[in-house]
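Chain residues, written in single-letter form:
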Amino acid sequence: MNKANSQTTTTRYTKSAAAHAEAKTLMPGGVNSPVRAYNAVGREPITIAKGKGCVVTDVDGNEYVDYVGSYGPLILGHAPEVVVAAVTKTATHGTSFGMPTLLENQLAKTVIDAVPSVQVVRFVNSGTEAAMSALRLARAATGRGKVIKCIGCYHGHTDAMLVSAGSGATTLGTPSSPGVPESLVKNTLLVPYNDLAAVEATMQAHKDEIACMAVEPIAGNMGCIPPEPGYLEGLRKLCDTYGVLLLFDEVMTGFRVDYGCAQKLYGVMPDLTCLGKVVGGGLPCAAYGGKAEYMRQVAPDGPMYQAGTLSGNPLAMAAGLATLQALKADDFAAYAQLEKSARRLEMGLAEASASAGVPTYITRVGSMICPFFVREVGQRVVNYDDATACRTDRFAAFFRTMLDEGVVLPPAQFEAWFIGTAHDDDAIEKTIAAASKAFVVASDI
Ligand SMILES: *Cc1c(COP(=O)(O)O)cnc(C)c1O
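A short tour of the structure in this document, coming up. (Residues numbered from 1 in each chain as written. Predicted model: local features only at pLDDT ≥ 70, side-chain atom pairs only at ≥ 80, totals over all residues. Heavy atoms only, no water.)

**Quick notes on the pattern of salt bridges**
The line we're drawing: Counted as salt bridges are all cases of a side-chain nitrogen of Lys or Arg within 4 Å of a carboxyl oxygen of Asp or Glu. Secondary structure is summarised from DSSP: a helix means a run of H or I of at least four residues, a strand means a run of E of at least two, and numbering begins at the N terminus for each. Burial here depends on accessible area, computed with a 1.4 Å probe over protein chains only, as a share of the maximum for the residue type. Under 20% is buried, over 50% is exposed, and the range in between is partly exposed.
Enumeration according to the criterion identifies 15 salt bridges in this entry. Of the charged contacts in the structure, one is a salt bridge between Arg-236 and Asp-271, with a shortest N-O distance of 3.0 Å. Of this pair, Arg-236 sits in helix α9 (residues 231-242) while Asp-271 is found in the loop between α10 (261-266) and β9 (272-275), placing the two residues 35 residues apart along the sequence. Under the relative-accessibility criterion, Asp-271 is labelled buried at 3%. Taking the shortest distance from any N to any O, the salt bridge between Glu-429 and Arg-344 comes out at 2.7 Å. You can see Glu-429 sitting in helix α15 (residues 425-443) and its partner Arg-344 sitting in helix α12 (residues 314-356), a full 85 residues away along the chain. Overlapping salt bridges bring together Arg-236, Asp-240, Asp-271 and Lys-291 as one network.

**Brief notes about the site of the ligand**
Here is the rule we go by: Note on terminology: near, applied to a residue and a molecule or strand, indicates that one of the residue's heavy atoms is within 4 Å of it. We define a polar contact as two N or O atoms separated by no more than 3.5 Å, with the added condition that, inside protein, one atom must be a possible hydrogen donor and the other a possible acceptor, whereas residues neighbouring each other in sequence contribute only through side-chain atom pairs. For this classification, Asp, Glu, Lys and Arg are treated as charged, while Ala, Val, Leu, Ile, Met, Phe, Trp, Tyr, Cys and Pro are nonpolar and the rest, including Gly, are polar.
In the neighbourhood of the ligand, the contacting residues comprise Ser-126, Gly-127, Thr-128, Tyr-154, His-155, Gly-156, Glu-216, Asn-221, Asp-249, Val-251, Met-252 and Lys-277. Interatomic distance of 2.8 Å between a backbone N/O atom of Gly-127 and an oxygen atom of the ligand. Here the residues of the shell around the ligand sort into three nonpolar, six polar and three charged.

**Quick word on the side chain of Glu-250**
Short version of the rule: This count recognises Lys and Arg as positive and Asp and Glu as negative, with His and chain-terminal groups excluded. Contacts are assigned to residue pairs that have any heavy atoms within 4.5 Å of one another.
Turning to its location among the elements, Glu-250 is positioned in strand β8 (residues 245-250). Within the buried core, Glu-250 has no salt-bridge partner, and the shortest N-O distance to an opposite charge, that of Arg-256, equals 11 Å. Looking at Glu-250, its side chain comes within polar contact range of the side chain of Thr-253, at 2.7 Å. Within the structure, Glu-250 has its side chain in polar contact with the side chain of Gln-263 (distance 3.0 Å). The contact partners of Glu-250, leaving out residues within four places of it in the chain, are Pro-217, Cys-261, Ala-262, Gln-263, Thr-273, Cys-274, Leu-275 and Gly-276.

As structure tokens, then:
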């Protein structure tokens, strides 16, 4: 399986290998987030020295067109001038106060203006924290204990949500984790994604017990799986019928698929929304928000407690603001450009896989894209079972070839690839050329 591996790691990746060997003695897996360890693709991770635009450079000096994009935040690419300038200027005036700043008002106003269902917002430091807090709020607001979650959706690593949680957890074969007490997940009810009948049956079976239905409006942590037509509308109706709050986890989709997030794109309004990734412009920042009647229950307006030493810190606020301003500029020109680049990549990948005889099912919403290595031409991927049935061995071979050709992808079949405004035509064409070779290699597996 590791033919390419043995040929190349010793020469091209020497310094990365040394760095990772040391890292492994210092940190679990040598990383600070599991999927970075490349366990699913039979390689050692590259160690990054720097990034600019759509290109990252590793410590050996190799350059790669990057589709990781820090797993979503970097919609403007690496070190965009507007963000660097905003962060630099802000840092010289202090990085955290534990007292209010004007920047918090500005980003809050920007988020509330942009996201249709959000009337009041609270900033936190990570998507995990946003999901954990929104869940607590849903329980507090309804006085109910149970939550529904889709198999394969990821809502961060908070205990109650670490059940069948997609991507990292899937790749590592730990769909739930030791250390999560059963008592904490027994109130988490699981349904397949894109299956309204399962949601209805669950709500029927647990009437008056369910606080919220949590969902990624576009599933982005089991590859990229768009909602089937009518799915989100159906969830909204079921939630209304059963008095359940609808929670959209838009940590990945927020500001990525549309400036108004997935809720605007599909025209379905949740009660609560989690944001993260793009909203922080590459710094640690996330948020939860929603209808005022719920958000006013958060302390100190209400009794639901949630706090954070670095929440709303000036650097993250400045980076988020600069990013959202850039996305909004020139009548949202960034999104038209993202759509054009992503569409070209999608077409190129489809042609390259077909001509190599590798069956793929390519999903895409705006600048989130995922080629699933399905077993037969014509197979669709609409839920977790479909995703996990894919040829991960072929993906791994494809990934390794892409890396050697100078394109770095998220290192698992169950991750979406992220295109940014910095991916120009040259980068996209280079990617398609590399993919033409990589699909041929994968076809041999
Ligand atoms: C990334 C992600 C999270 C977790 O965010 P972190 O900042 O990594 O804690 C939660 N939900 C979704 C949908 C995500 O994509």
